[in-house]
Amino acid sequence: VQLQASGGGLVQAGGSLRLSCAASGRTFSTYGMGWFRQAPGKERELVAAISGSGSMTYYADSVKGRFTISRDNAKNTVYLQMNSLKPEDTALYYCAASSYSIAVVLSRYGYWGQGTLVTVSS
């Protein structure tokens, strides 16, 4: 599966952005999907994950209540709605696909898109 992320940009603290990740292939609904981020000098971390059907989700504590992951299997797309953004949310955001129904560890993701940069100014 090939992934193409988009939607990053520069936003002021408190603002919102919606990231999108378009996937190729006809089996998109069988993949668990995740959004990761990597800030300069830091390790890549899982932000949110969603099961193939969309019925299960996972969020990192740092984004709970502010970010929402969703997917549209008819459009082969997964989204990350980011509200109440903080400067510490600044990072390169990646979407990834897992053969597991839902995955919360990086090693279970075998397919990665290119990153999209999110910059939150204070």
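A few points on the structure. A quick note: this is a predicted structure, and the numbers were derived from the prediction, not measured. (Residues numbered from 1 in each chain as written. Predicted model: local features only at pLDDT ≥ 70, side-chain atom pairs only at ≥ 80, totals over all residues. Heavy atoms only, no water.)

### Here we look at the state of the cysteines
Rules: The disulfide criterion is simple: two cysteine sulfur atoms within 2.5 Å. Where helices and strands are cited, they refer to DSSP runs of H or I of at least four residues and of E of at least two residues respectively, numbered from the N terminus. Under the scheme applied here, a residue whose accessible area is under 20% of the maximum for its type counts as buried, over 50% as exposed, and between as partly exposed, the area being computed with a 1.4 Å probe on protein chains only.
Per the stated rule, a full pass over the model turns up one disulfide. Between the sulfur of Cys21 and that of Cys95 lies a disulfide, 2.1 Å long from S to S. The chirality of the disulfide connecting Cys21 with Cys95 is right-handed, given an S-S dihedral of about 60 degrees. Here the residue Cys21 occupies a position in strand β3 (residues 17-23), and Cys95 occupies one in strand β9 (residues 91-98), the gap between them amounting to 74 residues. Like Cys21, the residue Cys95 is buried in the burial classification.

### What about the side chain of Ser98?
As a reminder, the rule being used: In protein, a polar contact requires one atom able to donate a hydrogen and another able to accept it; more generally it is a pair of N or O atoms within 3.5 Å, and residues adjacent in sequence count only if both atoms are side-chain atoms. The contact criterion used is simple: two residues touch if any of their non-hydrogen atoms lie within 4.5 Å.
Relative to the helices and strands, Ser98 resides in strand β9. Within polar-contact distance, the side chain of Ser98 engages the backbone nitrogen of Tyr100 at 3.0 Å. Those residues within four positions of Ser98 in sequence are excluded, and the remaining contacts are Thr30, Tyr31, Gly32, Ala103, Arg108 and Tyr109.

### Let's talk about the environment of Gly8
Position of Gly8 among the secondary structure elements: in the loop between β1 (3-6) and β2 (9-12). A relative accessible area of 33% means that Gly8 is categorised as partly exposed. Considering only alpha carbons, one finds Gly8 and Ala23, 15 residues apart in sequence, at a separation of 17 Å. Those residues in contact with Gly8 that sit more than four places away from it in its chain are Leu17, Leu19, Thr116, Leu117 and Val118.

### Brief notes about the sheet that holds strand β8 (residues 77-82)
We apply this condition: The pairing criterion is simple: DSSP has to find at least two bridges between the two strands. For helices, the axis comes from a line fit to the C-alpha atoms of the stretch in contact; other axes are also lines fit to C-alpha atoms, and the angle between any two N-to-C directions lies between 0 and 180 degrees.
Within the open sheet, the four strands sit side by side as β1-β3-β8-β7. Their pairing is antiparallel. The two strands at the open ends of the sheet, each matched to only one other strand, are β1 and β7 (67-72). The average undirected angle you get between the axes of adjacent strands in this sheet is 15 degrees. Across four bridges, β1 lies against β3 in antiparallel orientation. Note on β3: the bridge partner recorded for Gln4 is Ala22.

### Notes on the side chain of Ser20
Checked against the element boundaries, Ser20 lands in strand β3. For Ser20, a relative accessible area of 18% gives the class buried.

As far as function goes, none of this settles anything; it's purely spatial.
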